Structures are given as C-alpha cells and as structure tokens.
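Each chain is listed here by its residues.
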Amino acid sequence: MSSVVNWVKRNQRRLVVGSAVVGGLYLVGRVAERQMIKNQELETQKLLEKARKQNHFSATESTCTHTLAALFPTLRKLVEEKLDSDRITAILRGKPSAEDKIEFWNELKVIALSRCVVLVVGGVYLSVMLRTQLNILAGYLYEQEIAGGPNLLNNNHVDVQKGKISNELQEKFLNICTFFVSEGVEKLCVAVSEIVNRCTSKISLNQKLSLVDLEAVLNDIFENCKTLETDRNIFNNPGIFFLPNSENFLSDIHPSDQGLLKQMFAETLDVVDSEDSISMAQLVCKQGLSHTVDRIAEYYAAIGLSGSSNSPPPANPENKNSLHDSGFVSPANVSLPLAKLIPILTAQIRVPSDEEDAWLIHLQENPAIKLLGANVYEAFCESASGASQNKTGGWGEYIYKTASSWF
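Predicted, not measured: the structure shown is a model, and the values here were computed from it.

About the thresholds
- Residues numbered from 1 in each chain as written.
- Predicted model: local features only at pLDDT ≥ 70, side-chain atom pairs only at ≥ 80, totals over all residues.
- Heavy atoms only, no water.
- Axes fitted to C-alpha atoms, helices over the stretch in contact; angles between N-to-C directions.
- Helix = DSSP H or I, 4+ residues; strand = E, 2+ residues; numbered from the N terminus.
- Left-handed = near helix turned anticlockwise from the far one by under 90°.
- Contact = heavy atoms within 4.5 Å.
- Nonpolar A, V, L, I, M, F, W, Y, C, P; charged D, E, K, R; others polar.
- Parallel < 35°, antiparallel > 145°, perpendicular 65-115°, else oblique.
- Core = buried A, V, L, I, M, F, W, Y, C linked by side-chain atoms within 4.5 Å.
- Buried < 20%, exposed > 50% of the residue type's maximum accessible area, 1.4 Å probe, protein only.
- Phe/Tyr/Trp six-rings, centres within 6.5 Å; stacked < 30°, edge-to-face > 60°.
- Expected span 1.5 Å × (residues − 1).
- Bend = angle between axes of the 7 residues up to and from the residue.
- Salt bridge = Lys/Arg side-chain N within 4 Å of Asp/Glu carboxyl O.
- Patch = residues over 30% accessible without salt bridge, like charges linked within 9 Å, V, L, I, M, F, W, Y side chains within 5 Å.
- Areas by Shrake-Rupley, 256 points an atom, 1.4 Å probe, with all protein chains shown as cover.
- Disulfide = S-S within 2.5 Å.
- pLDDT = per-residue confidence, 0-100.
- Polar contact = N/O pair within 3.5 Å; in protein donor to acceptor, adjacent residues only side chain to side chain.

1. Thoughts on the packing of helix H5 (residues 167-199) against helix H8 (residues 255-273)
Move 1: Direction vectors running N to C along H5 and H8 enclose 35 degrees, while the axes themselves pass 11 Å from each other. For the crossing formed where H5 meets H8, the hand is right-handed. In contact with Leu169, Lys172, Phe173 and Ile176 of H5, H8 contributes Asp257, Leu260, Leu261, Met264, Phe265 and Thr268.
Move 2: Broken down by class, the residue content of the contact of H5 with H8 amounts to seven nonpolar, one polar and two charged.

Pasting the structure below:
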C-alpha cells in the first residue's frame, strides 16, 4: 500500500495533467456532440420551414390565379358597359342625318379603341395589385403563424396588440380590387377615352390602316396614357383608381385595426408605385397591345384569304370562318378603312364561349408578375425567418450549457 502512495506522490503532477487532459477531451466531446445534434435539428427545422413556406406560397399563387379568373369577366363586362357601343349602334340603325351619322361613327371609333386599351391596362393593374396584395397578406399571416401569438408584424416591426389579422380586416384589405372592377374602371375609361379622342381626331373613318398602322395608333394612345397628369395617371397614381375616396370606407373597422389596415394599404402602394413595378406593368401592357393586334391580324389574314381587302367585314366579327376562301393576300399587305375595323375592335372586349381567354391566361402565367409576387412574399416573410435564425447560439453558449448541466 505504501508503494502505491509513494508512486502517486512521485507522479502527482502527471496525474493532475492527465486528468485535466482527459476531462477536457470529455468536455470537448460532449460539446461537439451537442453541437452536432443541435445543427441537425436546425437543419431539419430549416428544411421544414422551407417546405412550409413553399406550400404556403403555392397556395397563395393558386389563390391569385383563381381570384383573377373570378374578377376578370366582371372587368370585361364593366368596360363593355361603360364604353357602350350598342346605344350608338341603335341610333345609327335609325338612319340619322349624314352629319350626325359621321359624328356617331367617330364616337364609335373612340369607344372601339378605348375598349382595347382599357382592357389591357386595367387587366394588367388588376393582376399586379391582386398579386401584390395577396402576397403581402400571405407574408403577414405566415409571420403571424411562425410567431404563434402576439408578435411583431411585417418588416417595420409594428406591434399589433391583438396578435392576429382578423378575417374582417383581410376582407377589407382585399376589397380594393373589387372596388377597382366596380368603380375604378369607370375613371380609367373616362381618362383613356379623352386620350383616344385626342390621338385619333385626325384619323378619318375612310383612312386605310394596315396592321402596322393599327399597332402604331394603339402605341401612340398608350404612350399618351403614360404621360397623363398624375391625378389621372394609373401608372403614377394607382391609388386613385383602387382606393375609395369616402371616409366611411374604414368606418366598420375597429379603431385598433385601422392603423394596421392603412399601413398595409401604404405598403401595397409602395410596391406598385416603385419604378421596377411601373416598368414591369408598362412592359406587360405593351405585350397586351401586341396580343390585341395579333387577334385582329386573324381577321386581316381571313380577308387576305378572300383575295380582297375591300370586301365588307363579317356580320359577326367573332366568326372568322364566315370569310370565304378564294385566294391569298399576305395580311401585312392588307389595309382596311378604319370604319370597317371598328366592329372588329369593338368585339375584342368579348371572348367567344368556345374559346379560352388568352389575355387572362397570359396575365395569370406572366413570369414578370409572378416574380413580383414571389419577391413581395419573401420580403414580408423575411423578418419571421430572421427572428428564428437569430435564436441560434455560439460555441460559448453551448459550452456553458453543457458544463452547467453537470451540476
């Protein structure tokens, strides 16, 4: 026994150092093990959060598509009603005087071109506003879901006392697109009609227009829409077309929710008013005008097949097969008097029951508008993701927690 004691005394320093080394290695091993487990848990959590966010965004995209499909027929109907051609057509059937007849035909000219432009511009802004709103709301709701109770909402971290966006508030927020379709379109029709009247005042009813000429007329109208004064320009001030002027609009919302709703409206307009959004909207509008010309080109092609550009347009412009086939002339070489184009232009507001709405589908699937929605959604989900990532601790925290668990 004394020999063991003597050995311990002789090797006391080595035993202390060895114990320290072994203890240190054990501590490091435990810390490394805990860190590895924690990293695996965090990685799993990130994957689950990514999957949940992707599913949430996909559901939002589906909602955008179906909501736009539900509102678009109403938009077409309202444009057709506000820019009414049937009333003037009925007057013309009554055989007015020659002077009145020309005046009414000029009015029909304005209506026909205005319908085409309003449908394009109004459709683009309905799609952009709807997708922006739904993705902002989705971002709010996702952050609220992540926080799970009273939380800080949106990028500005504004404290919402109730911690929940009520269904009433959501409905009120999204109601401005319905307001645009029901009332805002009328303002757009008036503004565009004045521009069309000014831009086409020197184009006579007998002037022949090729497809290139027609596209130039539509582009000229569109360029004038872009430079319209601010209080009537949907590109620079979309709020006047989407937001009601009445103070009673928020009267049925609880005072504690009104501040949040106003902020959500402000954030929506900030997105839509940004230079990138305006440039994107104008680009899609140009695509819409090209789409309109392409549809009209089908009638030019049908007239070219008949071998005569002087034959009257079909009684029903939507029935392209009514034009008989007796030869071929390239549509690019066909020119029609503006008076013969008016029924065709007027009919563009309608979609035959046996055809899909190609313009609606284009707006639903447009990559630029979809990218805008994705960027908005990501921006309004960012603070929730950042808050969860900030919960991750460093090595010092893990060492402290590991050592503390032993005592």
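Read on, since the account is not over.
2. Thoughts on the packing of H5 against helix H6 (residues 211-226)
Move 1: Running from N to C, H5 and H6 cross one another at 130 degrees; their axes reach a closest spacing of 10 Å. Of the possible angle classes, the one that applies to H5 and H6 is oblique. In this structure, H5 crosses over H6, and the sense of that crossing is right-handed. Taken together, the residues of H6 that come into contact with H5 (itself represented by Val192, Ile195, Val196, Arg198 and Cys199) are Asp220, Ile221, Asn224 and Cys225.
Move 2: A breakdown of the residues in the contact of H5 with H6 according to their chemical character gives six nonpolar, one polar and two charged.

3. Overview of the nonpolar core
Move 1: The biggest cluster of nonpolar side chains holds 98 residues, and the ones touching the most others in it are Phe72, Val121, Leu126, Phe180, Ile221, Phe235 and Leu341.
Move 2: Looking at this core, the element that brings in the most residues is helix H4 (residues 98-147), giving 22 residues.
Move 3: Every residue in contact with Phe180, bar those within four places of it in the chain, is listed here: Leu75, Gly122, Leu126, Val185, Leu188, Ile234, Phe241 and Phe242.

4. So, the packing of aromatic side chains
One pair of aromatic rings is described through two measures. These are the centre distance and the angle between the planes.
Move 1: For the coordinates displayed, the defined rule picks out eight aromatic pairs.
Move 2: Consider the rings of Tyr140 and Phe380, whose centres lie 5.9 Å apart with planes at 25 degrees: the pair is stacked. With a gap of 240 residues between them, Tyr140 in helix H4 and Phe380 in helix H12 (residues 367-389) connect regions that are remote in the sequence.
Move 3: Owing to a relative accessible area of 8%, Phe380 belongs among the buried residues under this scheme.

5. What to know about H5
Move 1: Helix length check: H5 (33 residues) gives 46 Å between terminal C-alpha atoms against 48 Å at 1.5 Å per residue, within 8%.
Move 2: In the structure, H5 departs most strongly from a straight axis at Phe180, where the bend amounts to approximately 50 degrees.

6. A closer look at the pattern of salt bridges
Move 1: All told, the structure shown has twelve salt bridges when counted by the stated rule.
Move 2: The shortest N-O distance in the salt bridge between Arg87 and Glu107 comes to 3.2 Å. Taken together, the residues Arg87 in helix H3 (residues 86-93) and Glu107 in helix H4 connect sequence positions 20 residues apart.
Move 3: A salt bridge links Glu355 to Arg295; the nearest nitrogen and oxygen atoms lie 4.0 Å apart. Here Glu355 is found in the loop between helix H10 (338-346) and helix H11 (358-365), whereas its partner Arg295 is found in helix H9 (residues 275-306), with 60 residues between them in sequence.
Move 4: Linked through salt bridges whose partners overlap, the residues forming this network are Glu194, Glu229 and Arg232.

7. Looking at the side chain of Thr292
Move 1: Here Thr292 shows up in helix H9.
Move 2: Looking at Thr292, the relative accessible area reads 8%, which means it is buried.
Move 3: Each residue touching Thr292, except ones within four places of it in the same chain, is listed here: Cys116 and Val120.

8. Digging into a nonpolar patch on the surface
Move 1: On the surface, Val17, Val21 and Leu25 cluster together into a nonpolar patch covering about 280 Å² of accessible area.
Move 2: Turning to its location among the elements, Val21 is positioned in helix H2 (residues 12-82).
Move 3: The class of Val21 is partly exposed, set by a relative accessible area of 47%.

9. A closer look at the state of the cysteines
Move 1: Per the stated rule, a full pass over the model turns up zero disulfides.
Move 2: Unpaired in this structure, Cys177 has its nearest cysteine sulfur neighbour in Cys64, at a distance of 9.7 Å.
Move 3: Taking relative accessible area as the criterion, Cys177 reaches 1% and is therefore assigned buried.
Move 4: Summary of cysteine pairing: Cys225 is not part of a disulfide, and the nearest cysteine sulfur, belonging to Cys199, is at 7.7 Å.
Move 5: Owing to a relative accessible area of 8%, Cys225 belongs among the buried residues under this scheme.

10. Things to note about the confidence of the model for the protein
Move 1: Per-residue confidence for the protein averages 82 on the pLDDT scale, and 81% of its residues sit at or above 70.
Move 2: Confidence drops under pLDDT 50 across residues 319-326; counting only partners more than four residues distant or on other chains, this segment forms 16 contacts.

11. Some points on the side chain of Glu61
Move 1: Take Glu61: it is sitting in helix H2.
Move 2: In terms of polar contacts, Glu61 uses its side chain to reach the side chain of Arg131, at 2.8 Å.
Move 3: Non-local contacts of Glu61, meaning those with residues more than four positions away in its chain, are made with Arg131, Asn135 and Lys370.

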